[in-house]
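# Secondary and tertiary structure notes
Read off the chains here:
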Amino acid sequence: MSVESLVSQLKTGLDAPICLTWELTYACNLQCVHCLSSSGQRDHRELSTVEAKRVLDQLRELQVFYINIGGGEPMVRRDFFELVEYSVTPNQHGSGIGVKFSTNGAFIDAEKARRLAAMEYLDIQISLDGVDAVTNDAVRGAGSYDMARRAMDNLAAANFGPFKISVVVTRQNVPQLDQFKALADSYGAQLRVTRLRPSGRGVDSWDHLHPTNLQQREIYDWLMASGENVLTGDSFFHLNALGPSLPGLNMCGAGRVVCLIDPIGDVYACPFVIHDEFRAGNVRDPGGFARVWKQSDLFTSLREPQSAGACASCGAFDACQGGCMAAKFFTGLPLDGPDPECVGGDGEVALAELAATPVAVSLKPRPAMDHTKPARVPVLS
């Protein structure tokens, strides 16, 4: 089957998601300025251990191959290891489900690194957004660079194997791409680079963090030249308008092959659209996750043929597919409009036209929830 035929088939949806992201908690020891879920404080409605295991059993029955666990910081949950072990271990409901979890590394000490290394069907992504503390900590918080590096050292010492270093590409770290690759190679790790979206707290930081149009070309050229062993998660398919397509499916999989379960059980079309408009249901509803995935009105509509809209006359549409739905939505652009980072410049024009309208602020959606911790006010004596 050709890639084009496969993409066409996947756009109509599958019986189960290929890539399911599950944010276990909104609790986090950090408050990254681009956090897609605005994490910080735990939500009291968080799924219990019993409820989480019930969801895992449903995913087994759907024959989900693996899940991406995140947060917040997933290791904050006291039942973290219990849930991971339950996921990877086969039971009467079906085969084990592989786990890939993203972490800032805060809780991976030497003992936990050894415990993680002893587990099967487990992959770990350490988040790092700069090859030095100055670049990284400006985004992820003071001390977060050293914390991530300690976690990497502990995993290496425990012979965990090829963990991943996960980088959100920003205007500030584009010049460091070669150094990120060298760092990953030094650990025998794999580099994963992802696109910055204006989601969560990223709504307010995107303007000064997202790469410039010139840097978009630099990212594309780097991926074409050096990205053979670099994972991208189809983050950069909007760059395909620049030339030959990057490796991958190069499509928006929201509600078709990917989705998100958040800490309170709400199911969204993808991890970057945590907003009521893209909420398909809740795993606590009758029928659970399976019913949401297979029968929700939202996912059914996303699997219908989509209009090219304003991009219909562009010769690059078949290559870039109009870009990222989440990036358009949270910058206030129509879903059938150009990607805000359109390499042809149409996104910049659309954003400028939007900013010139009297109701520009009201047209820019806000995330559904904000779990950011309140700033500490010093006590004056």
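This text goes with the structure placed above it.
Residues numbered from 1 in each chain as written. Predicted model: local features only at pLDDT ≥ 70, side-chain atom pairs only at ≥ 80, totals over all residues. Heavy atoms only, no water.

### Quick look at the nonpolar core
Filter applied, for reference: Take the buried residues of types Ala, Val, Leu, Ile, Met, Phe, Trp, Tyr and Cys, join any two whose side-chain atoms come within 4.5 Å, and each joined set is a nonpolar core. The cut-offs for exposure are 20% and 50% of the maximum accessible area for each residue type, with area from a 1.4 Å probe on protein chains only; residues under the lower value are buried, those over the upper are exposed, and the others partly exposed. Contacts: residue pairs with any heavy atoms within 4.5 Å of one another.
Counting 88 residues, the largest nonpolar core has Trp22, Ile67, Leu116, Phe163, Phe289 and Phe299 as the members making the most contacts within it. Apart from the residues within four sequence positions on either side, Ile67 is in contact with Leu20, Trp22, Leu56, Leu59, Ser87, Ile97, Gly98, Val99 and Lys100. Ranked by size, the runner-up nonpolar core spans six residues in total, among them Tyr26, Leu260, Tyr268 and Met369.

### What about helix α9 (residues 213–226)?
Here is the rule we go by: We count a stretch as a helix when DSSP gives it H or I for four or more residues in a row; a strand needs E for two or more, and each element gets its number in order from the N terminus. Helices are assigned an expected span. That span is 1.5 Å times one less than the residue count. Arc definition: directions from the helix axis to the C-beta atoms.
Between the first and last C-alpha of α9 there are 20 Å, a value that for 14 residues agrees with the 20 Å anticipated at 1.5 Å per step. Listed as buried for α9 are Gln215, Gln216, Ile219, Tyr220, Trp222 and Leu223. Down the axis of α9, the buried set is contained in an arc of 165 degrees. They therefore lie on one face. With respect to the buried face of α9, the exposed residues turned more than 90 degrees away are Leu214 and Ala225.

### Some remarks on the packing of aromatic side chains
Using the following cut-off: Any Phe, Tyr or Trp ring, taking Trp's six-membered ring, that has another such ring centre within 6.5 Å forms a pair; planes under 30 degrees apart are called stacked, those over 60 apart edge-to-face, and the others tilted. By definition here, charges over rings are those cases where NZ of Lys or CZ of Arg is within 6 Å of the ring centre and within 35 degrees of the ring normal.
This structure, assessed with the given rule, holds eight aromatic pairs. Aromatic side chains Phe80 and Phe101 sit 4.9 Å apart centroid to centroid with 70 degrees between the ring planes, which places their arrangement in the edge-to-face category. With Phe80 in helix α3 (residues 80–88) and Phe101 in strand β3 (residues 98–103), this residue pair connects regions lying 21 residues apart in the sequence. Each member of the pair, Phe80 as well as Phe101, carries the same accessibility label: buried. Judged by centre distance (5.0 Å) and plane angle (75 degrees), the rings of Phe329 and Phe330 are edge-to-face. Each residue in the set Phe80, Phe81 and Phe101 is aromatic and connected to the rest through ring pairs, giving one cluster. Over the aromatic face of Tyr86 sits the side chain of Arg60, whose NZ or CZ is 5.1 Å from the ring centroid.

### Things to note about helix α6 (residues 144–157)
For the α-helix, the turn length of 3.6 residues means that residues three or four positions removed from each other point alike. The end-to-end C-alpha distance of α6 is 20 Å, a good match for the 20 Å that 14 residues give at a rise of 1.5 Å each. The elements touched by buried residues of α6 are α4 (110–117), β4 (122–127), α5 (133–140), β5 (164–169) and α7 (177–187). After α6 finishes, the residue Asn159 shows a positive phi value of roughly 55 degrees.

### Focus on the environment of Val167
Tracing the sequence through the fold places Val167 in strand β5. By relative accessible area, Val167 is classed as buried at 0%. Remark: the alpha-carbon pair of Val167 and Cys314, spanning 147 residues in sequence, is separated by 31 Å. Sequence-distant contacts of Val167, defined by excluding residues within four places in its chain, comprise Leu128, Asp129, Asn173, Phe180, Leu191, Arg192, Val193 and Thr194.

### Some words on the sheet that holds strand β7 (residues 258–261)
What counts is decided by this rule: What makes two strands pair is DSSP finding at least two bridges between them. Here an axis means a line fitted to C-alpha atoms, over the contact stretch when the element is a helix, while the angle between two N-to-C directions is reported on a 0 to 180 degree scale.
Here nine strands make up an open sheet; going across it, the order is β6-β5-β4-β3-β2-β1-β7-β8-β9 and the pairing mixed. Sheet topology places β6 (190–195) and β9 (279–282) at the edges, where each strand pairs with a single neighbour. Each strand of the sheet is rotated relative to its neighbour by a mean of 25 degrees, with strand direction disregarded. For strand β2 (residues 66–70) and β3, the ladder comprises four bridges, and the chain directions are parallel. Paired with Ile67 across the bridge in β3 is Val99. Contacts from helix α2 (residues 49–61) reach β1 (19–23), β2 and β7 within the one sheet, and its direction differs from that of β1 by about 180 degrees. Taken strand by strand, α6 contacts β4 and β5, and its axis lies near 150 degrees from that of β4.

### So, the side chain of Glu341
Where we set the bar: Definition of a polar contact: a pair of N or O atoms within 3.5 Å, with one able to donate and the other able to accept a hydrogen when the atoms are protein atoms, and with sequence-neighbouring residues admitted only if both atoms are side-chain atoms.
Within the element layout of this structure, Glu341 appears in the loop between α13 (325–330) and α14 (346–355). On the basis of relative accessible area, Glu341 is assigned to the buried category, the value being 5%. Among the polar contacts listed, one links the side chain of Glu341 to the side chain of Arg195, at a separation of 2.8 Å. Among the polar contacts listed, one links the side chain of Glu341 to the side chain of His210, at a separation of 2.9 Å. Discounting chain neighbours no more than four positions away, the residues touching Glu341 are Arg195, Leu196, Trp206, His210, Pro211, Gln216 and His238.

### Some points on the pattern of salt bridges
Any two side chains of opposite charge can pair, given that their charged atoms come close. Put simply, the rule is: Note on definitions: salt bridges are taken to be side-chain nitrogens of Lys or Arg within 4 Å of carboxyl oxygens of Asp or Glu.
Taken as a whole and judged by the stated rule, the model has 16 salt bridges. Salt-bridge contacts for Glu46 lead to Arg77; the nearest nitrogen and oxygen are separated by 3.5 Å. Separated by 31 residues along the polypeptide, Glu46 in the loop between β1 and α2 and Arg77 in the loop between β2 and α3 bring together distant segments of the chain. The residues Glu46 and Arg77 share a single accessibility class, namely buried. The salt bridge involving Arg279 is made with Asp266; its shortest N-O contact spans 2.9 Å.

### A closer look at the pairing of β6
Judged from the six bridges that link them, β5 and β6 form a sheet pairing that is parallel. Each residue of the ladder has a partner; that of Ser166, found in β6, is Arg192.

### Some words on the state of the cysteines
Definition in use: Pairs of cysteine sulfur atoms within 2.5 Å are what we label disulfides.
In this structure the tally under the stated criterion is zero disulfides. No disulfide involves Cys314; its sulfur sits 6.1 Å from that of Cys320, the nearest cysteine.

### Here's the deal with the environment of Ile261
Following the sequence through the fold, Ile261 ends up in strand β7. Expressed as a C-alpha distance, the spacing of Ile261 and Asn282, which sit 21 residues apart in the sequence, is 8.2 Å. Leaving out residues up to four positions away in the same chain, Ile261 has contacts with Leu20, Thr21, Trp22, Glu23, Val55, Asp266, Val267, Val283 and Phe289.

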